[in-house]
Structure formats: structure tokens, C-alpha cells
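Structural features, examined
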Amino acid sequence: MTRSLFIINSSGDVFMEKHWKSAVARSLCDYFFDQQRRVLSPEDTPPVIATPHHYLISIYRCNMFFVAVCMTEVPPLFVIEFLHRVVDTFEDYFSECTETIIKENYVVVYELLDEMLDNGFPLATESNILKELIKPPNILRTIANTVTGKSNVSATLPSGQLSNVPWRRTGVKYTNNEAYFDVVEEVDAIIDRTGATVFAEIQGYIDCCIKLSGMPDLTLSFMNPRLFDDVSFHPCVRFKRWESERILSFIPPDGNFRLLSYHIGSQSIVAIPIYVRHNISLKELGGGRLDITVGPKQTIGRTVENVTLEIPMPKIVLNCTLTPNQGKYSFDPVSKILLWDIGRIDVSKLPNLRGSITIQNSASVMESNPAINVHFTINQLAVSGLKVNRLDMYGEKYKPFKGVKYITKAGKFQIRM
Amino acid sequence: MLTAAANSLSNNGGSYSNDRPSSTADPEFATDPASGGFFHSDYKKHEDLKQMLDSNKDGLKLEAMKRIIGMIAKGRDASELFPAVVKNVVSKNIEVKKLVYVYLVRYAEDQQDLALLSISTFQRALKDPNQLIRASALRVLSSIRVSMIVPIVMLAIKDSASDMSPYVRKTAAHAIPKLYSLDSEQKEELIGVLEKLLSDKTTLVVGSAVMAFEDVCPERIDLIHKNYRKLCNLLVDVDEWGQVVIVNMLTRYARTQFVNPNVDNIEDDENRPFYDSDSDSSNTKKSKLTIDSDHRLLLRNTKPLLQSRNASVVMAVSQLYHHTAPRSEVMIAAKALIRLLRGHREVQSIVLHCIASISIARKGMFEPFLKSFFVRTSDPTHIKLLKLDILTNLATETSIGVILREFQTYISSSDKEFVGASIQAIGRCASNIKEVTDTCLNGLVSLLSNRDEAVVAESVVVIKKLLQTQPNEHKNIIAHMAKLMDFITIPQARASILWLLGEYSDRVPKIAPDVLRKMAKNFVNEQDIVKLQILNLAVKLCLNNPIQTKPFCQYVFQLAKYDQNYDIRDRARFLRRFIFDEDGHTKKLPQLAKRIFLAPKPAPTLTSRFKNSEYQLGTLSHYLDMPCAGYRPLPSFPDVAPEPSVRDVASGTTRNARDEYYRKDKKDKKGKEKEKPFYSDEESVQADELNNENESSDTSTSDSSDDESDSSEYISESEKSENDENEKKKSIKVSDESNSEKQSESEESDSEESSENSQESEEEKYKTSNQEAVEKPKSNIDLLLDLDDVIPMTPVMPLSTGGLFTPINLNITNDIREVSASFIPIKKSELLSSIMGHGLKIEYRFTRSQHLVSAYLVTIELTFSNEGSEPVKEIQVGVKNLPKGMLIHDFTQIPLLEKNSELSTTLGINFNDSTQPANFNIDFIIGEDTHSCSVTIKAPIGEIIRAVLLSESMFTTEKTKLKGMNEHVAKVQYSGNKKVISQKVFETANVAIVSSNDEEIRFAAHTLASKSLVLVTIKMIGNECLEICVNCEKMVIGSILLNELKSNLKMN
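Figured I'd write up the structure that's included with this text. Since this is a predicted model, take the numbers as computed values, not measurements.

Calculation criteria
- Residues numbered from 1 in each chain as written.
- Chains lettered and ligands numbered in written order.
- Predicted model: local features only at pLDDT ≥ 70, side-chain atom pairs only at ≥ 80, totals over all residues.
- Heavy atoms only, no water.
- Helix = DSSP H or I, 4+ residues; strand = E, 2+ residues; numbered from the N terminus.
- Buried < 20%, exposed > 50% of the residue type's maximum accessible area, 1.4 Å probe, protein only.
- Contact = heavy atoms within 4.5 Å.
- Areas by Shrake-Rupley, 256 points an atom, 1.4 Å probe, with all protein chains shown as cover.
- Salt bridge = Lys/Arg side-chain N within 4 Å of Asp/Glu carboxyl O.
- Polar contact = N/O pair within 3.5 Å; in protein donor to acceptor, adjacent residues only side chain to side chain.
- Nonpolar A, V, L, I, M, F, W, Y, C, P; charged D, E, K, R; others polar.
- Phe/Tyr/Trp six-rings, centres within 6.5 Å; stacked < 30°, edge-to-face > 60°.
- Lys NZ or Arg CZ within 6 Å of the ring centre and 35° of its normal.
- Expected span 1.5 Å × (residues − 1).
- Arc of directions from axis to C-beta.
- Pairing = 2+ DSSP bridges.
- Axes fitted to C-alpha atoms, helices over the stretch in contact; angles between N-to-C directions.
- Bend = angle between axes of the 7 residues up to and from the residue.
- Patch = residues over 30% accessible without salt bridge, like charges linked within 9 Å, V, L, I, M, F, W, Y side chains within 5 Å.

1. Focus on the overall build of chain B
Counting its secondary structure elements, chain B contains 43 helices and 16 strands. Going through the 1052 residues of chain B one by one, you find that 58% of them count as buried. Restricting the contact set of chain B to residue pairs at least 6 apart, pairs at least 24 apart contribute 67%. Total accessible area on chain B stands at roughly 43900 Å², and carbon and sulfur atoms take up 52% of it.

So this is what it looks like as C-alpha cells:
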């Protein structure tokens, strides 16, 4: 399957390579660069590129390309999913994944890659197992290791590897036993220029941070589990139990993980918590005008916070001279992105941004209007109305501290102008 | 110091973009201590590293190894250090050792002789008591690609394949393809090892074993037979990556071993453009009758994997369903695929590719998710294009309105490539759906006046194609396009217009010659493609209207004769012969010219680019649309299924295999003894199993103890794994066993009633084992019925509370599951006419879906359309006049409904299990006037119940409870097709099929408010008569439902 991996930074340098079979020449990346040059943005790079003898499957994350080299037929999603898992692991280990961090920790990175893939086939990808095999670097441990001569690499097989719960390590101990659940809902919507909802759905996640000693067996139930249209689980969730009782029953991995992602589809009605009234005109003579007002809508009494509007302007726009009555705005003449950071919406005085737009004189005006990408968060609200009913723990004696937090965010929330 | 070194390394690394840096001293090396640049002579390079490696301090060694790994990571050559590094393979420090391994794997190939020095260390490590060390020794040994050690590796693999530790066995499975690629002559011997590993019962091993199988001997499908059922049953617990490989392999297996489940309704396929829900339900019934039980096992056990977080698992299952499942069941994959669209960009791209392919073959599958394919401006271009393609594939008469409106907004996008594709998509919709052809054509013509030239050009090209498919009168469009010749500069568009003028010159006899005149004037400045079309136009005009156009024609040909491009010169020379009889020898060509040039031409068909992909879905080949190395085409289903008994495992080996065996056996018997078709429901299978256990009670007593030990399995194991080295071997053995137990356990938990039934059966068995043994010869069916009656009466309390994957407590009510409707009515009824509503028209429809707010509410879709001349504002529910207990959940206020527009929203009504109508007012504002119209919704009885699934046994017991007053029976004359009975029932009421056979069909539902069961049984008596029996606690509902069913079934 995967023979080699090249990591390429945004300026096109191959700064790390790893081969699981015979080494593959670096010049192979030239095919990749060829394709990359043809497209405008790195996002547009095709994920699969065929070269005469190899297939390059790449992902673009954290401003880096991770290019896997295969020589034979393989499900492309298999490789893509694995590459994403690699990046997730790096983020998990080093708390962020950038070029400098990878370069600094090249030994750990190399050891990780070696454990994750054997002869091109995934071996251990579960974060809990990896962390037992190779300890994540931190300053304290580095110092301790230099003094005691111990190493970050484990000499025994992680117990999880052989058990039924490969995602959890054994012998977990905490003085404070805590379990936190974040119910995050993202509203994806397309709103047309009249303000009507073309398409809206909710994408939700339950991210957990679980620090419980021993082997806790948790059950999480919801007030209204019927809401879910479609769900996908962390492998720890017992599917049968969900099928029959709509209860999440699981032995959690240690630490942070995503327990569940769900989808509430376009068949149901989704409350749109914000509206934007906009008026834009791009005329050749006398420049253009822009007037935008933002207001809350269907928020069930919560305030809408961290509101940001991002408008990628057409190429012909040279500059914007605007006055906001709230927040700050900026216009980047190179990327042509108008960014208006509003903050929280005050109902008594609705945020407004108006002013004039300078337009390139010679250019013929295209009949294309930009779209507004909206970002916002609403705390303590799950917009679908989802509520966690209760969390029970079996298998351990202590009483854990439990917490649930609800957040609604804008996902791919777009307003057509 | 370490980080400093790393930094300096990384600073240098960037500049080395060629694969082999020169080994001579390079100015860059001077600043790099790690590369030994201080010494300028070659032989002393890396001297410091060598010294560090030779020292006896672990810290220094580690430091040196880290730097060397850094060099390798940056792709620089570190092979010179081989002798110094290889010595350290014996190091006690685990991290040094690991890094040496990494180094070895990378360079052993280049330094074969030296690499041999390390072999003895690995051989020793293979005997190490620590399983991790054994495993990693095997890993590295097999990764050293030196052909001389093949026999050693072979031996090591053989040994490790029977190691105690599943982890080592897994590594052995990984080593097999490595050795195979090194020396393919070992194949036969490796297959022997592989066979052993494939029969392994640990989830950890089987995934890797199948991976090795796929790599080494995918053609030896016979190795799978014996393991097939085990693989299916273990699948849920295998790691994600193993799942993908196994499912892909089983897809191929299913294609060779089972017959096509859709074979009986292939005619349908060709007649129908897509499958609506009604045809689905009838198909279900038919296909279930023919599907092999092993095939069913595969489909059933893969279904939960659609919920996996791993996109490639979901994809693998989806393609399995696409390629091997009965048509009606493929639908379930749609939802999961849609979910993947929220994933990373790369995942989206590949999933959309697959959806595009599926959407051609199965149009109905993604229709409900149409809106998920709407394009956002933030999508990357290639994603946009894929979405566009899918939208076009999905377009039908009903959805075309929405789609065209979307396309319209896309045209004003700033992404030019996307705009072009949108216009082409409109063209495709127009040619595929005859109803909208004219609308689209008009729309495209209006685009001709767009200010953006690219838009105009693309429209011209599309209009040209459309006009060809619609050869009727479109004179004015052609005339309009002729005028555009003066403005458009894009050659493709100019050429298209010229072609159109030539083709239809008889429709515009005055314009065409004039255009030719203008073209002739400017001939030299045109692009080649335009010049060719000018020649074409000239010839065609000359044939139609020689008097007016001959001089132009001659002029153009004269110019073309001296053109720079030889294509044009050639073409001119060729075309000349048709119109100018210069030499005058044969007159044949000019005579035939009209028939050649003005022959009616077949219209182009506008199809998706995914039309003819014959590759397996989700493969690399499918994505790239070309055969990749190692791609194996999916075989087509055999006409006759190969002998299914090959999958039977010799009796007594494993518990579940035996169960399967009996199940199969049983099925055959049943088929012979009574003409009762086998129940496809899981419940009935479960019942069969119970029965079998009773039959074989003597053999299965020993197994029951296994079951009970399951419960403590998990804890015992974790304790054991903490044990010290001495006891390790023992513990491994135990965990091994427990794994195999788990397998049998997972088999049980497959079916709905999971552990509880087997538990009962166990109890049952103890009680009755003696009697049963005597009564064996009794018919199987009797036993089945006996048990059916007994099951729900025995107290249900599973003992295995600690079992990991078994639910802790199942109670019986949970066995009634609400399921989605088998049929969704699309007929709308009028709630408010546009005359009564001052221009506002409201229609309603029952969607039979769960209401968001509460399960008690009936979901009603309201469609508002404004047919008046003014916009309607603030539409909302006004005064409600409801009977007691009834409740309306308002729809959200509609602020504005423009004239001639339409909008849908959802209303929820709790009818409180009555057929009383709900009366309420709809308030709205037109202009300045406030209107309030009273409306009434009366739900048919079939809409206030919701389909549920329950086990057959439960159906029978519940039915016996609801006798007497609660039972309503009637007979109906029925001469129509038996196969559509269920369809008709679905149309009448929202019920689900519990079981169905030739004589009797059972349906179930429950009322929304009180959740009382509604059980419908339809018996066929003779050829002409049906007996309908409705059991319901609520007598009124029962009798009304019976009447409705009667009248609906009578109609034919």
C-alpha cells in the first residue's frame, strides 16, 4: 500500500521523507509540483495524481502537503484517512502541527511513523496505544530522561493492544476524576439574497475530555435522541445498545476524543440564529456602495457572540472605505477579503457597516456578487434542542465530576448577496 | 544542544531538493557539524558520528543515532555509516535499538553483506520472552530486503505464525507480503502459513491476514470459504483498517459465490428511470426470497459499519452494498455517504466522485439529499464541478425547478470555470428533461446578453447542442445568435454560431449570406477553428443558394488555399471538389454534395462524464478512471451459485460455525417439508437457532459454560496483562481463548434479541433437554411455535451484565422499534384555495416522518404558494379551535412570500389518536390588510399511526392479547396481483412489514399518542379472497383502519 511519505511545506520544499519499502526518489514529487502549479489555490490540488509508475495521494493540512506514494491499486480513501490520522496524531503529541514542530521533533515523528505503518499497512493508530509505546515529549520528561538515562520508548507491548478495548490504556490513575462533554453544533446554511433559507442542516459533535481512573463504563443518555438523523461513533460505543435503546454506552479512551458526530438533516427545520441585511452595488462610475446590518433571529434568548463576517470581494475591488458602528473591519487588497469582526450582537443597537467601495476603472464590471461567510458562536445552547439527560458510571467506586457544555457555532454558513 | 543540532540540520535540509546530495564536500556542509563538514577529505566524513557510535555511553550513541535519523528524514545519504551503526544493533538501550532498526530497514538493501551481520541478533530476539521484542525483531528482519536471508525469514514467519501472542502473529501476517515481494517463488509455502493465519480467531490477526491474502494470492478464493462466516462475525471488532480490507475482499467473494440478488427484476431496471419508494418495497419482498443466507449474513454484519468514524470503512461498506446488495437495500448507504461530505476536502472529493457514479445508476438514492449538493462559493473548484455533475444527474421533473434556480445563482459566480460548467449543466438538464427544454433555452438565450463574454460563449455552445436536439422552429434564436457574431470574440462560440447558421441556413435565408460576407472580409484574422467553420458555412450556403453566395465562396476558398495552416489548406482543397467543377471530368461529387452536407445529423447526447465507469467503486482506478497496477476487475455474479456447503465448517470446531451450519440445514429442511418460505427477519433466524440448540442439546451443553465466562472476560484479562514476565505466556493463552469466546459472543449479539434469547435458550434447554431428546422426530415447525409462545413469558433478565458488547439490560418494550415509513405519500391535498386565501394557496401532505419536537406529533408538510399579485407577509398560525387533548405545534412564521413563489414548512399536530379534525386559522397580511382564514386538517387513520418493527414471536403474542372486541376481521374479494398487496396497505397506512409469505402478510404500527400497537394480518384464502384482520386496543382506530384497508384493496 503506502510505500513512502513526503511532507512538503507551502514553499514547495520536501522537508521530511519516510520510506516503508525500498526508497523512492524524491524527484517523484515533481509530478506533484506540476499539478500544484496548475491550480490557483492549494485547496484545489487534486488529491490523487497518477504518474507513470506511482500514484501520489495527498492531503493538505496545516499549510503542509502530506504526499503518500503508492504503486498498486488501493482504496484512495484508505490512504487519505490514514494521512489525516497521522496529522491528528501529531497534533495530539505536539499540541499543534507545523513545519517547525515537525522539524524539531523529527525523531519522535520518525518513531511514530514507524509504529503507525508496517510495510505500508496501518499497525497502531490508536492514540492511547501510541502514547504508551512512545511517550509524548515534554520538558520535564526530557530533563528526567537525561538524568536517569531512561528513554521515551516503551519496552513492553501496550496492554491495550491485546485487549478488547484497544483504545484505552490500563492503569490510569487520577486524583480528580472528571468527565467533560462538549456538545458542539455547527449550523451549515445557505441563505439566498432575499433572506430565504436555501439549505440548512446541523452538524453536531460530542467531544469529550475524560480523566477517570481505572476502567469506567459510562452510559450517556439524551432527552431527545430521536433528533439524530445520522450518527457516527468512536469505536468504543456499543452499537447494539444504541440501536435498541438509543443510549451511548462505552468504555472511554483516556483523554480527549470525539465520542459521536451526528447530523440533523435538511428534512428537519433548523433555526437560523442570525440574519444579515445587505445591500451592495458595484458600479463603474462613482465607485460602489456597501451597507450591511446584522441582527439576531431565533436565538431563544441567548446572545450571539464572536460574530465575524468575511466577504471575499470580486477582483475588481481596489479598496473599501467603510464605517462600522461596532467592531473593527479590515480589507486586504491582495486577497480581496473584507473582514468585519463584530463581537457580540447587542439587540438594542444592531451592528451596521456602510461606506463606499473603490473599483478598478478600466475593468468591465462582472455581474457577480460576492457571498458572505458568517461565523458566530452561541454559548449554552444546542440549536437543535439536544439535551443530555444523564451520565452514569459503572465499574468503578469513586464519584466522578461530570460536566456538559453546549455550544452552537456557524459551520459553513453562507449568505449569497 | 539537541534542538540546536536539529535546527541546523533543518536549515540545510531545505536546500537539498535533488534526491542524492553530492557526497563531496559542499560549502553548505561547513556549517553543519552533524555531517562532519569540518573535515574536508572524504574518508573522514561523519567521523564524529562514528566516534559517538563507537563510544560506550548510551547517551552519546542515542545522540548520534538521532542525528543520523535526522539525515535520513531529510533524504540525505547516510549509508556510509552503515558499519558503525549496525554494530549497535545489540545495544541494550531500547531507543537506540529502535533507531538502529529504522536505519537498517532503510539501508540494508544497499549494503547487503554488512546487513547480514545483524541477522543473528534478530534470530536471538525472535526467541525473546517479551512479545514486543519478538514482534519487532520479525518486523525488522522481514523488512531487510536481502534475498540471501529468505530461508531465515521464511522460518521465522512459520514460527511466529504459531506464536502465543496475537501481536506476534499479526506481525507474521504483515511479514508475508514482504517476503513475497522479495522472492515470489516462496508463494506456495507462504500460502500454507497464510491459511493458518486466516483461520485465526483473534480480531487483531484476521485483518492483517486478509491484507496479506489480498497481496499474495487473491485468486485463491477457496481459502476464504471455511473462514467466511467467521470473518463476517468478527468484522465489527476488527480494527478500522482491517475492516476496509476485509470488506473489500468479501465484496469480491460475494460476487463470485452468490447469485445476483437483483436478477429477477432486471426488466424493471430498464423500464424505469429511477426507483421510487413504492417499487422498493415490492422489490424487497421479492429479492429477500432469493438471497442466500450467507450473503444475508455479510450484508447484516457490515451494516453497523456504516456508522464508523472512519470514512474509508463507510466507503468500503457502501461499495459492498452497491455491488452486491439487493437494489432496495442499497438506499441505507446514502445517508452515511452524505455524512462524509462534511469531512476533509480530500474525502469530499473522493466521496463525491463515487456518488456521481452511483447517482447515474440509482437516481432515487440521493434524491432526498439533493440540497446537500448545493454549491458554496467557498468550495474548491473541483468539488464545485463534481457537485454540479451530481445535481444534473439527480434532476427530475419534480426537482428541476429548485435545481435550475440554483444554477441561476451559480452563473453569477466569480469562478469562471464553474460558471462555464453551470451553463453546460443547464444544457444537460434541458436535453434530459423535455418539460424544461424551452425554459432552459430561453434562459440561455437571455444569457447571450450577459456582459461576461465567457458566459456568452459557453451559452452559444450549449444552445448549439440544444438546437440540434430540438430541430423544430427556433428561427429567432438563430437570428439573434447571428447578430452576436459582431461582438463575440471567443473562437469556440464563433465557430458554433457559424455551424448553426450553415446547418439551418434554410430557416434564415437572408441572414446567413450576410454573415458569410462579413466573415469573408475578416477571414485572415480568425482562429483556425473559426476558419474551418467559415469554409463549412460557405459550402452549405453555396449548395442552398448558389446565386447569392458563390462569389463569397470563391473568395473564401481562395484565401484558404494560401492559409498558413495546412489543415485549412487541406480542407479547402477537399471541399472545393464539391462545389466548383473546375476540371469538369466527373460530376459525381457536386451531384451528391447536398446529400453529404445537408444530411440530417444525429443530435449529440449530453451525458455525465461518469457514465461509463466500469471500475469497482471507491478504488483508485475508479477515481482516476483508468486501470491501475494491480486492479482486479470485479467479477460479475455467477449464473448459478457455487456449492454453498463449502463454507460449512466441520462440525464441532467452533460454536458459531455449527450454529450456522444448523441454520442452513434447517432452512433446507423447512423448504422441503413445508412450503413456507424462510423468514428473512433476524428474529426468525434467531428462533431457528434456538430450535437448533434444542435439537443438539447434547453437544452444546459444554458451550454454555463458555457463555457465562464471557461476562468476566474483560476484567480478568486486564489483570492478567499486568502480570509479570513469568506468567505472561499463560496469560496470553487465556486472552487467546477469551478472544475466541468473544467471537461467539459477537455472533449472538448480531441479532436483535441478542443475549437474552440465547440465555433463555440455555435455560430452556436445561429444563427440556430430556424431553426434547425423545421428541426429536417431531416436526421442526411445531417446536418453533412452542418456543414462540414461551419466550416472552419467561422472565427476561440476562446474567451477563459485565459483557462488553452485549447490552446490559434489554427490556421487551425496546423490541418495538419505530422504523421509517415504507412508503411516503406524495399526493398533496388543498388546505386553502387561492380564491379563499386572496391569492395564497396552501397545500398539505403527510410526510410520515418523525416530528422534530415530539414523537406524538404528526408531521404535515405545508406548501404555501402565492398566486396573487402582491407579496404575502407574516404567514402564521392564528386562533386554534381544537378538541380536547389535541395540540398543534406551529410552524415558524414566514416573514415574506413573494408573488409566484413557493415555500414549504412543517406543522406538527398531535391528534391524540382520534380522527377528529383540527381546526385553526392561518393569519397573513396582503398589502395592508390582515386576513385570517380558517382551515381544517383531518388526518386519515393511516397517518396517525407510525410503522414499528417487532419480532414475529412478539407479534403473535401481542395479537393473542388483543382478541375479542379488539379484533376486527373482514373478507374482501381480491383479484389483483398479490405482490402489490403490501404496497396497497402501505398507501393506506403507515405500517411496516413484520413477516410475509405466500399465505399471510403481517404488518405492525403503533398509534402516535398512546403508543398502542396496531397489528394488521392479511391472509390469502384461495385465489380470489383476502382476510384482513386488524388488532388494536383502540377499537375505533381498529375498525376505521379495517374499513379503509378494505376499500382500498377492493378497488381492483
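Next comes the rest of the write-up.
2. Section: the pattern of salt bridges
If you walk through the whole model with that rule in mind, you get 59 salt bridges over all chains. One salt bridge connects K540(B) with E503(B), and the closest N-O pair in it is separated by 3.1 Å. Here the residue K540(B) occupies a position in helix α30 (residues 528-544), and E503(B) occupies one in helix α28 (residues 491-503), the gap between them amounting to 37 residues. In this structure K540(B) comes out as buried when scored by relative accessible area, which is 2%. Through salt bridges with shared partners, a single ionic network connects E81(A), R85(A), E126(A), E240(B) and R309(B).

3. A closer look at unusual backbone geometry
For residues other than glycine, phi is negative in most cases, and the peptide bonds are mostly trans. Residue and element names in this part refer to chain A. A positive phi angle, near 65°, is found at S95, a position not held by glycine. With respect to the element layout, S95 can be found in the loop between α2 (76-94) and α3 (99-104). Here S95 falls in the exposed class, since its relative accessible area comes to 66%. At K336, a residue that is not glycine, the phi angle is positive and equals roughly 60°. Considering the arrangement of structural elements, one finds K336 in the loop between β18 (328-332) and β19 (337-343).

4. Remarks on the interface of chain A and chain B
On the chain B side, the residues contacting the 118 residues of chain A number 124 residues. We note a salt bridge from E126(A) to R309(B), for which the minimum N-O separation is 3.4 Å. Summed over the shared surface of chain A and chain B, the number is 41 residue pairs in polar contact (both at pLDDT 80 or more). Per-element tally for the side of chain A that touches chain B: the top contributor is α2(A), with eight residues. Residues that form the side of chain A that touches chain B fall into these classes: 52 nonpolar, 33 polar and 33 charged.

5. Looking at the packing of aromatic side chains
Throughout the structure, instances matching the rule amount to 29 aromatic pairs over all chains. Look at Y60(A) and F65(A): their rings are 4.6 Å apart centre to centre, the planes differ by 40°, and that puts the pair in the tilted class. F65(A) shares its class with Y60(A); the two are buried. Taken together, the ring pairs in this structure connect F222(A), F228(A), F233(A), F239(A), W242(A) and Y262(A) into an aromatic cluster. Over the ring of Y106(A) we find K74(B); its NZ or CZ atom is 5.0 Å from the centre of that ring. Against the face of W499(B) rests K464(B), its NZ or CZ located 5.1 Å from the ring centre.

6. Some thoughts on helix α10 (residues 187-198) of chain B
Residue and element names in this part refer to chain B. End to end, α10 covers 16 Å across 12 residues, agreeing with the expected 16 Å (1.5 Å per residue, within 8%). Three or more residues of α10 are buried, namely K187, L190, I191, V193, L194, L197 and L198. All buried residues of α10 project into a common sector of 165° when viewed along the axis, lining one side. On its buried face, α10 sits against α8 (150-161), α9 (166-182), α11 (203-216), α12 (222-225) and α13 (228-234).

7. Topic: the sheet that holds strand β15 (residues 288-296) of chain A
Residues and elements named next belong to chain A. Here four strands make up an open sheet; going across it, the order is β14-β15-β20-β17 and the pairing antiparallel. At either end of the open sheet lies a strand with only one pairing partner, and these are β14 (274-281) and β17 (317-324). For this sheet, the mean inter-axis angle between neighbouring strands, taken without regard to orientation, is 20°. Note: β14 against β15, eight bridges, orientation antiparallel. Opposite I274, over in β15, you have P296 as the bridge partner.

8. Some thoughts on helix α6 (residues 112-125) of chain B
All names here are of chain B. With 14 residues, α6 extends 20 Å between its outermost C-alpha atoms, agreeing within 8% with the 20 Å of an ideal straight helix rising 1.5 Å per residue. The sharpest bend along α6 measures roughly 30° and falls at S118. For α6, the full list of buried residues reads A115, S118, I119, T121, F122 and A125. For α6, the elements touching its buried residues are α4 (82-86), α5 (94-107), α7 (131-143) and α8.

9. Notes on a nonpolar patch on the surface
Residues and elements named next belong to chain B. On the surface, M965, M1035 and V1036 cluster together into a nonpolar patch covering about 320 Å² of accessible area. With respect to the helices and strands, the residue M965 is situated in the loop between α41 (952-961) and β12 (967-973). Using a relative accessible area of 62% as the deciding quantity, one classes M965 as exposed.

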